[in-house]
Amino acid sequence: MGKSAFSAVAVPTTAFICVVILGSSTGNAQEKSKVEKALSYKPVQRTVEYDIPAKQDVESCRLEKAIDKFKKPGFVVYDSSGRLLRLFLDINGDNNLDSWSYYKDGIEVYRDVDSDFDGRADEFHWLGSAGTRRGKDMDKNGTVDRWELLSASELAEEVFHAVRTSDAARFSMLLVSPSELESLNLGEVASKLVNVRIGEASADFDSFVKGQKQISNQTEWTQFGSTRPGLVPKGHDGLGQDLLIHDHAAAVFENGGKFGQISLGTIVEVTPNNWRLVELPQMVEEGQVVQNGGLFYSNSVAGDVPSQIADSAASPEATEMIKLFEEYDALEKLLLKATGEVEVAKLEEQRAELLMKLAMASTELEEKQNWIRQMADTVTSAYQSNKFPAGIDFLQKQISKINSAELSDQIPYLEWRIIYARFSVGHQNEDRRDRTKANESYISDLAQFAEKYPNSSFTADAMFQLGLNSEVTERDDLDQAVEWYDKCRKSFPNTIFGKKATGALSRLTSQGKAIDLAGSTLNGQAFDLQSSQFRGKIVVVHYWETWCESCIEGFEELQRLGAKYEDKIQIVGANLDQDAAKVKEFLSKNRSVNWPQLHSPGGVDKSPLAIQLGIATLPMTILVDQRGNLVESNIPVDELDREIQRLLRQDTGQASRPGTKR
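Residues numbered from 1 in each chain as written. Predicted model: local features only at pLDDT ≥ 70, side-chain atom pairs only at ≥ 80, totals over all residues. Heavy atoms only, no water.

On to the packing of aromatic side chains. This structure, assessed with the given rule, holds 25 aromatic pairs. When the ring of Phe 75 is compared with that of Phe 88, the centres are 5.2 Å apart and the planes differ by 85°; the resulting orientation is edge-to-face. Of this pair, Phe 75 sits in strand 2 (residues 74–78) while Phe 88 sits in strand 3 (residues 84–89), and the two are 13 residues apart along the sequence. By relative accessible area, which is 0% here, Phe 75 ends up buried. For Phe 88, a relative accessible area of 0% corresponds to the buried category. On the basis of an interplanar angle of 45° and a centroid distance of 6.2 Å, the ring pair of Tyr 102 and Tyr 110 is categorised as tilted. An identical accessibility class is assigned to Tyr 102 and Tyr 110; each is buried. The structure contains a cluster of three or more aromatic residues connected by ring pairs, namely Tyr 41, Tyr 50, Phe 75, Phe 88, Tyr 102, Tyr 110, Trp 126 and Trp 147. (Phe/Tyr/Trp six-rings, centres within 6.5 Å; stacked < 30°, edge-to-face > 60°. Helix = DSSP H or I, 4+ residues; strand = E, 2+ residues; numbered from the N terminus. Buried < 20%, exposed > 50% of the residue type's maximum accessible area, 1.4 Å probe, protein only.)

Below, the structure written as structure tokens:
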């Protein structure tokens, strides 16, 4: 499966910790610089809420050595009231930071830890009011690979976010692993049933997400729904030990004041305060019976567990599937222990072969398709992390088998995954020429894919990416961009890419013409770029999100331009963040960002603001003249001043000519 959506950022460097610990104070300017540097570091996991001082408050913060109070080398940052903001420590005394702590309201809420002291964080701890989660990053790529602590409530929240973001990798980490299942000592009957349920959950997650209609980008997590946990005693249906469960647990969410639920079925505690799913979630629909849950209660809606196994075992197809599941579990355990590159690659290939066998052994067409996609996701993920160097060759060899099984409709998916895997690996190369070559191959592959599979759903993405590449590369070719966007618009008008292509066409072909942009501000006021209130003013629209540092870096120049030209220009922010409250919090801490802010959630992928004009990269800034006509569809912030001066001179010249009408 693909990697989780968690984002990684760089951790503090050795050089800075040496300066802070060993350097001496040489003046207020240097101390301010140290504080700013310390406050610039961010948690590896971006889902953390922690205190970020407003720019004007940074001067009143102070940085001190940690050795006296915390008995370890490092440094601590306090705000003006003496509350803790950051605590960065050198745990093992090697003059390198190993622990980075972040605080909210003076309480530690999150900590990154470098447990093996190689300079990269590999453990993530949520603390205090942020919860109890603790995740482990096995391959040091900034994503959680294993949850070591995850409460029942936090499990439900993770399921919700996995569904909302269609993140199969995030979901897979919430299922009971083979080693965890073994440790539960469920007995042969229940273990086989759980194995089947886990396999089905993994294979059917994508279909479940695509089939549900209740959760969108605007949907918000609310709470965990369940009564007190239940204890299934040792001996019940062959259990080898007591089992703590929540039966018919739910994740509760909100859509514009209306509440809904995801039924999690039965969830189990695998270690103290560490919970897992054992089956596929189900959307709770009005009038529909919830079918998951009840795995360990013989009189529950799930029916009698032993009889279920007996019934399924009577089917040769089911027997074969159970056998393959057991082989797969055994292989997963071997992969957890494997260390050598050759051994890992061999096991990854065996896992891929087993996934193909599961696809061919499945009786339902949809399940066959899901197993093939999981195989493609697993192989390309291993290829990108250098665990299966021959992974692309393996996938290409499967195409004939898939064709012979009358599953040719899945081949575009395999080829699509191959294209992105090659591109990803190529961009990991440190040599700039190799990265350039990888990008050229990627563009060539996309064009060939679009020609080979003109009706594939992935072709809409390919065409849009080809248009975007033509628009933003150093050798930008706007005519080529328009051609690709137009193809995407005509071929896939009802897809998100078709709609974005329509917006991009409007932006690229409207130079010197009136351009439409409408929406609402953060405080709910209507906005229309063609409104009379903007006539006579130059308008600068700056698209941004709070995570985008390069977007925020442009704010200082925008502020300077606003002060320089005053009522001659109007700056407008167009924010695409999912969470409006987060944007408001950012603006409250950055009072200098005082221009109107449009807001529509969904990011560059799905925000209506992004779709209107085909915004696909951030930051992006457009420039509109005094008559509401587009001047520049994507102008760097540092070039705005020159263009504004040109427009003002041009406007003055036109106004001074006899007979000129405004």
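Moving on, there is more to tell.
Let us look at the pairing of strand 12 (residues 258–271). Relative to strand 12, strand 11 (residues 243–255) runs antiparallel, the two being bridged by 9 bridges. Residue Glu 254 lies in a different strand from strand 12, and its bridge partner there is Phe 259. Bridge count between strand 12 and strand 14 (residues 282–283): 2 bridges; the pairing is antiparallel. Bridge assignment links Ser 263 to a residue of strand 14, and that residue is Gln 282. Pairing analysis gives 4 bridges linking strand 12 to strand 13 (residues 274–277), with the strands arranged antiparallel. From the neighbouring strand, Val 268 faces strand 13, where its bridge partner is Arg 276. (Pairing = 2+ DSSP bridges.)

Glancing now at the nonpolar core. Within the largest apolar cluster, 69 residues are counted, with the highest numbers of intra-cluster contacts made by Ile 262, Leu 264 and Phe 296. Tallying contributions element by element places helix 7 (residues 188–211) first for this core, with 8 residues. In this structure, Phe 325, Tyr 453, Phe 464 and Leu 468 belong to the second largest nonpolar core, which totals 63 residues. (Core = buried A, V, L, I, M, F, W, Y, C linked by side-chain atoms within 4.5 Å.)

Quick look at the sheet that holds strand 2 now. Pairing is antiparallel across the open sheet formed by 8 strands, whose spatial order is 1-2-3-4-5-6-7-8. Every interior strand has two partners, whereas the edge strands, strand 1 (62–65) and strand 8 (146–149), have only one. Strand after strand, the sheet turns through a mean of 15° between neighbouring axes, direction not considered. As paired elements, strand 4 (residues 99–104) and strand 5 (residues 107–113) share 6 bridges and run antiparallel to each other. By the bridge assignment for strand 5, Trp 100 is matched with Asp 112. (Axes fitted to C-alpha atoms, helices over the stretch in contact; angles between N-to-C directions.)

Axis separation between helix 13 (residues 411–427) and helix 14 (residues 432–452) bottoms out at 8 Å; the angle between their running directions is 165°. It follows that helix 13 is roughly antiparallel to helix 14 by the angle criterion. For the pair helix 13 and helix 14, the crossing hand works out as left-handed. For the pair helix 13 and helix 14, contact is made by Pro 412, Glu 415, Trp 416, Ile 419, Tyr 420, Arg 422, Phe 423, Gly 426 and His 427 and by Asp 434, Arg 435, Ala 438, Asn 439, Tyr 442, Asp 445, Leu 446, Phe 449 and Lys 452, respectively. A class-by-class count of the residues in the contact of helix 13 with helix 14 yields 9 nonpolar, 3 polar and 6 charged. (Parallel < 35°, antiparallel > 145°, perpendicular 65-115°, else oblique. Left-handed = near helix turned anticlockwise from the far one by under 90°. Contact = heavy atoms within 4.5 Å. Nonpolar A, V, L, I, M, F, W, Y, C, P; charged D, E, K, R; others polar.)

With that settled, the discussion passes to the sheet that holds strand 18 (residues 569–575). On the basis of which strands lie adjacent, the open sheet formed by 5 strands has the order 19-18-17-20-21 and mixed pairing. If you trace the sheet from one side to the other, it starts and ends with strand 19 (597–599) and strand 21 (630–632), each paired once. Averaged over neighbouring strand pairs, the angle between their axes works out to 25° when direction is ignored. In the sheet, strand 17 (residues 538–544) pairs with strand 20 (residues 620–624) via 5 bridges, with the strands oriented antiparallel. Note that in strand 20 the partner of Val 539 across the bridge is Val 624. Those strands touched by helix 19 (residues 555–565) are strand 17 and strand 18, and its axis lies near 155° from that of strand 18.

To continue, consider the side chain of Asp 112. Within the fold, Asp 112 resides in strand 5. Judged by its relative accessible area of 2%, Asp 112 is buried. Among the polar contacts listed, one links the side chain of Asp 112 to the backbone nitrogen of Val 44, at a separation of 3.0 Å. Here the side chain of Asp 112 touches Tyr 110 through a polar contact of 2.3 Å, side chain to side chain. The residues contacting Asp 112, other than those within four sequence positions of it, are Lys 42, Pro 43, Val 44, Asp 98, Ser 99, Trp 100, Tyr 102, Ala 121, Glu 123 and Phe 124. (Polar contact = N/O pair within 3.5 Å; in protein donor to acceptor, adjacent residues only side chain to side chain.)

Tracing the chain through its elements places Thr 617 in the loop between helix 22 (608–612) and strand 20. Under the relative-accessibility criterion, Thr 617 is labelled partly exposed at 26%. Between the C-alpha atoms of Thr 617 and Val 604, which are 13 residues apart in sequence, the distance is 6.8 Å. Those residues in contact with Thr 617 that lie beyond four places of it in its chain are Leu 468 and Val 604.

It is worth spelling out the side chain of Asp 122 at this point. Within the fold, Asp 122 resides in the loop between strand 5 and strand 6 (123–126). The class of Asp 122 is buried, set by a relative accessible area of 3%.

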